[in-house]
Amino acid sequence: MSDLRELYQETILGHYKKPRNFGKLPPPSRHREGYNPLCGDKVTVYMHVKDDVVTDIRFEGSGCAISTASASMMTEALKGKTVAEAEEIFKRFHELVTGKEAGDNDNLGKLAVFAGVREFPARVKCATLAWHTFHAALEGGEQPVSTE
Amino acid sequence: MPPRPAEIGSSAGFDVQRIRADFPILQQKIHGKPLVYLDNAASTQKPRSVIDTLVRYYEEDNANIHRGVHLLSERATETYEATRRRVQRFINARESREVIFVRGTTEAINLVAATFGRQNVGAGDDVLITHMEHHSNIVPWQMLCEENGAKLRVAPITDAGELRLDEFEKLLGPRTRFVSVTHVSNTLGTVNPVKHIVDMAHRRKIPILLDGAQAIPHIRVDVQGLDCDFYAFSGHKLYGPTGIGVLYGKAELLERMPPYQGGGDMISSVTFEKTTYNVPPYKFEAGTPNIAGTVGLDTAIQYIENLGMDAIAAHEQDLLAYATERLSAIDGVTLIGTAKERSGAISFILDGVHPHDIGTVLDQEGIAIRTGHHCTQPLMDRFGVPATARAALALYNTREDIDALIAGILKVQEMFR
Ligand SMILES: Cc1ncc(COP(=O)(O)O)c(C=O)c1O
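Everything in this summary refers to the structure shown in the same document. Just so it is clear, the structure is predicted and the values come from calculations on it, not from any experiment. (Residues numbered from 1 in each chain as written. Chains lettered and ligands numbered in written order. Predicted model: local features only at pLDDT ≥ 70, side-chain atom pairs only at ≥ 80, totals over all residues. Heavy atoms only, no water.)

**A look at the packing of aromatic side chains**
Okay, step 1: Inspection of the entire model under this criterion finds 16 aromatic pairs over all chains.
Okay, step 2: Seen from their ring centres, Tyr16(A) and Phe416(B) are 6.1 Å apart, and the 85° between their planes marks the pair as edge-to-face. Of this pair, Tyr16(A) sits in helix H2 (residues 10-17) while Phe416(B) sits in the segment after helix H14 (399-415), placing the two residues on different chains. We note that Tyr16(A), like Phe416(B), is buried.
Okay, step 3: A network of ring pairs unites the aromatic residues Phe90(A), Phe93(A), Phe114(A) and Trp131(A) as a single cluster.
Okay, step 4: Of note, Arg382(B) hangs over the ring of Phe383(B), and the distance from its end group to the ring centre comes to 5.5 Å.
Okay, step 5: For Arg399(B), the ring lying beneath its charged end belongs to Tyr322(B), and the centroid distance is 4.3 Å. (Phe/Tyr/Trp six-rings, centres within 6.5 Å; stacked < 30°, edge-to-face > 60°. Helix = DSSP H or I, 4+ residues; strand = E, 2+ residues; numbered from the N terminus. Buried < 20%, exposed > 50% of the residue type's maximum accessible area, 1.4 Å probe, protein only. Lys NZ or Arg CZ within 6 Å of the ring centre and 35° of its normal.)

Right, here's the structure in full:
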């Protein structure tokens, strides 16, 4: 049970039940669709990027607690960041949930609640789906992103 | 004689505790809890006798078949062909040459699509399936239709998850060249009225394949009684090894069909100018087959026959009724698939909790269920859900397993409240 509580932290459950920044952004936005064929989770990430800054970011989709909370908290973490900062946060978040991070995740702020995911390898893709989708939206292109 | 305690709560004479002792894997703990294995529609566990036969085969009998004059090769050939005869009796095929060994249900269906399908389905023709098919009974037909300019038609189902027989019949048209329908749905547990479906197709002289992957472990199957043209199933869902399965086909159809793959064993003579093909079943079994797999399958069928298919079915029906009743009683649980005739699997969703999260929490309780789309994405769309949680029963499951599942679900609700 203790591992489960680590995974399903209150913050995560809170964001699952009440996702922040949920919905579309009006054009001209960049958006991209992400899909986890293993569990059917779908997420679409919308954002406005101006002068290399993520000025607004939203998401839509249906998924499990981990993927929904991760998308919701991602939008909070990335809004107002420069593209380079956002990519750096993604990199450290990825290291955090895969257990590769070097111990210091202070600067991840609230996102540190996802540390419990590393004990559940089957759930890493849930935690990173929105992030991969964000990354792909930055790069542009049309193809939906798949975790497989 | 009064029933012994182990027999209470199951059908008389079916000693499930003794049966459980036959399955080594069930004895372990998962995350410190006794394993409750309810993912049987994905794959079943293997009894000790099946595991032992595999070891004995490799220790004592291993050789290639149909090619050596030496004793080991003869022995291997004899066991391989003995399995074919056992399968023949098990599904009541008329002849043993109607039993073709393949990798599993998926390969069986692909074989039919690639041979019979290519031969008989052309531009402007129809292939008819249903909305509740597993991807392996959708995609091979889609590929065939794409290749030959045919159209894939899909018969609708009701909200309860039953096939709309009236609509199905309407879709059987003058251009329908093939019908492929699942016997039992792996997601909904629906048992289709396959005899009736076969008759409807045959009245119009349309051949039909039944996907028996989820029927064969739970229901006595009689291919002559059903009169289906093809029947497909997998060994690993029938307490046998992975990588072995069966395609049954009527001899007169098999004879007219082109071969599947080319290679050794499927020929009777080869020159660079011309090859003459072997007769069924060998025409469809190119290359060295999964000999050990057939040996294991043989033992698995023996195991089932010793228990008796009817006793197994009675035990599982009792469990299914119990599981349905307990699950329906939980506030917030919705069953997906409430057909009158069901077998094996029970799918559900939980208000406010994604199936994936249910799966993770239950796993921590030692309970293995399947969550996701179960390789039936069109069915998920039909019910408007991204995924379901599925508990699927086997002969070794008990009422205690169901009780553990229910307790686990209450824990999930507690956690997500
Ligand atoms: C109804 C049905 N058809 C086909 C298959 C495919 O079986 P296999 O993967 O053993 O080839 C399955 C397995 O999940 C199934 O449940």
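**Examining the side chain of Arg123(A)**
Okay, step 1: Tracing the backbone through its elements, the reader meets Arg123(A) in the loop between helix H4 (83-98) and helix H5 (124-139).
Okay, step 2: Apart from residues lying up to four places away in sequence, Arg123(A) is in contact with Tyr8(A), Cys64(A), Ile66(A), Val117(A), His356(B), Asp357(B) and Thr360(B). (Contact = heavy atoms within 4.5 Å.)

**Quick notes on the environment of Val50(B)**
Okay, step 1: Looking at where Val50(B) falls in the secondary structure, it is placed in helix H2 (residues 48-61).
Okay, step 2: With residues near it in sequence (within four places) discarded, Val50(B) still touches Tyr239(B), Gly240(B), Pro241(B), Gly296(B), Thr299(B) and Ala300(B).

**What about the interface of chain B and chain A?**
Okay, step 1: Taken together, the contact pairs 18 residues of chain B with 23 residues of chain A.
Okay, step 2: Of all residues in chain B, His356(B), Met415(B) and Phe416(B) bury the most surface against chain A, accounting for 35% of the area lost on that side.
Okay, step 3: At the junction of chain B and chain A, the tally comes to one salt bridge.
Okay, step 4: We note a salt bridge from Asp357(B) to Arg123(A), for which the minimum N-O separation is 2.8 Å.
Okay, step 5: The interface formed by chain B and chain A holds 11 residue pairs in polar contact (both at pLDDT 80 or more) in total.
Okay, step 6: Of all the secondary-structure elements, those providing two or more residues to the side of chain B that touches chain A are helix H12 (355-364) and H14 of chain B.
Okay, step 7: A class-by-class count of the residues in the side of chain B that touches chain A yields six nonpolar, eight polar and four charged. (Buried area = accessible area lost by both parts, 1.4 Å probe. Salt bridge = Lys/Arg side-chain N within 4 Å of Asp/Glu carboxyl O. Polar contact = N/O pair within 3.5 Å; in protein donor to acceptor, adjacent residues only side chain to side chain. Nonpolar A, V, L, I, M, F, W, Y, C, P; charged D, E, K, R; others polar.)

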